[in-house]
Amino acid sequence: MQIDLPQVLFKNRHLGRPATIDEYRAGGGYEALHATIGKRTPAEVMQIVLDSDLRGRGGAGFPAGRKWQGVPADHVGPRYVVINTDEMEPGTFKDRILVNVDPHLVIEGIVLCAYAIGASQGVFFIRPSYEGDAVLIEEQCRVAREHGFLGKNILGTDFSFDVHVHRSAGRYICGEASAQIKAISGQRPNPRKGGPRTAVKGLWDCPTIVNNLETLANLPGIVRNGPQWFKSLARSATGSGTKLYSVSGQVARPGCYELPIGVTIREIIFEHAGGMAPGKTFKTVIPGGASTPYLPEALLDLEMDFDPMRAAGQRFGTASLMVFDQGTCLVGATLSLMEFFARESCGWCTPCREGIPYIRELLRRIEGGEGTDEHLQMITDMLPVLDAAYCAFAPGAAEPVRGLLTHFMDEVRAHITEKRCPFGNPPPSLRGKACGTRPIQFGPTPCPEDQCPI
């Protein structure tokens, strides 16, 4: 593994615990805030971020500075910053690790964003299973207040800003910006389509900027070192900065790695994640989180950057790689993802509410050996219906299915012609049920017939 790669967000990871405020400051922490509050105008900070080409790290990849520009300059009244740490996408765990590496890096980034848009309050929106991280942020916000970096009259100036930690009720749809605004407000958290953007009318009908945690954590380095420094960190011609890549599945070293934007998928898997786990052979990877399509081995040298991924028919997403080996049934894996998406649909629109369970049921039949060519055609016909849903949730859910049919149709047809899962998986209706005194085994080795009473 290369060891000379720049570590900007993870420079204190070697501590093996959250960095204290003193440890953070020893490495230049809060210098950007000292050089900004009361010394630069909010417009100057916004221009620095615009010039850096920082793009959102939560999945959509929208330029952060352009989003901030959407806040009306003539608005009189409160403005808000919402820190999106919902992170409910399967295979994505970068934000949790970042909070536990350098909480003050995150806090400083939040304050810089608030200063640039003139916000007075921030809401740290975090998923309920991250309770330990919520407590950590609350405690480190208290420490930041004691040092004058948060709260009233920051660094002795007339700028005041504070952060409240909001624990989510725990639904995937709450990660979408407008749904998140509604969730914080106590309303049904379905996305809002049309009308003013959240930058104009968000929390309590006031201008609100919703940014991913990792996006904001890049701000101290950008403001301290300049836009050109940030651009120089990337390898690709269109990229800027580094990125946190979550890697899971059948690799030797699953984990989260800070690497340049533009690093190839092959390098992430076979160098930094140590290659495939012992005895495993690569089959495919979902490169950007659960709502992105399977990527075939022929595209392993693709650069992990927004534009190159889009040009290849892929999505950068959250840059969370789920790696599958040759022994994995991709029909079963896709069925598992569709079970998740069907459960997490907010139910607001018919294409999503009815379409995802419809595809899930067809995949169940195929995986259970009851599938037909007609079922396969029905799935194909339903995918455009998901694309017509109210928000991006259903189109995202369709991506793994679309990737399955595009790159692994032979595997799907084998389920139909053999009338069973060719990998030996038990039918979905039996999975998890009692088998004698032990649960049914998953994977290529089902329970022997003479030992299974079901």
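As a starting point, this report considers the structure included with it. (Residues numbered from 1 in each chain as written. Predicted model: local features only at pLDDT ≥ 70, side-chain atom pairs only at ≥ 80, totals over all residues. Heavy atoms only, no water.)

**Quick notes on the packing of helix H6 (residues 103–117) against helix H7 (residues 131–146)**
- Where H6 contacts H7, the two axes come as close as 10 Å, and the packing angle between them is 65°. Classified by chirality, the crossing of H7 by H6 is right-handed. Contact residues: H6 offers Pro-103, His-104 and Ile-107, while H7 offers Ile-137, Gln-140, Cys-141, Val-143 and Ala-144. (Axes fitted to C-alpha atoms, helices over the stretch in contact; angles between N-to-C directions. Helix = DSSP H or I, 4+ residues; strand = E, 2+ residues; numbered from the N terminus. Left-handed = near helix turned anticlockwise from the far one by under 90°. Contact = heavy atoms within 4.5 Å.)

**A few points about the environment of Ile-37**
- Among the secondary structure elements, Ile-37 is positioned in the loop between helix H2 (31–34) and helix H3 (42–52).
- According to the relative accessible area criterion, Ile-37 is buried, its value standing at 4%.
- Once the C-alpha coordinates of Ile-37 and His-415 are considered, the two residues, 378 residues apart in sequence, prove to be 62 Å apart.
- Those residues in contact with Ile-37 that sit more than four places away from it in its chain are Tyr-115, Ile-154, Leu-155, Thr-157 and Phe-159. (Buried < 20%, exposed > 50% of the residue type's maximum accessible area, 1.4 Å probe, protein only.)

**Regarding the pairing of strand S5 (residues 242–249)**
- Burial analysis of S5 places seven of its eight residues in the buried class, which makes it a mostly covered element.
- With six bridges joining them, S5 and strand S6 (residues 255–260) adopt antiparallel strand pairing. Counted as the bridge partner of Lys-243 is Leu-259 from S6.
- Count of turn residues in the S5/S6 antiparallel hairpin: five residues.
- Across four bridges, the pairing between S5 and strand S8 (residues 320–325) is parallel. Looking across to S8, one finds that Ser-248 is bridged to Met-322. (Pairing = 2+ DSSP bridges.)

**Some thoughts on the environment of Gly-109**
- Checked against the element boundaries, Gly-109 lands in helix H6.
- Taking relative accessible area as the criterion, Gly-109 reaches 0% and is therefore assigned buried.
- Excluding residues within four positions of it along the chain, Gly-109 makes contact with Leu-216, Leu-219 and Pro-220.

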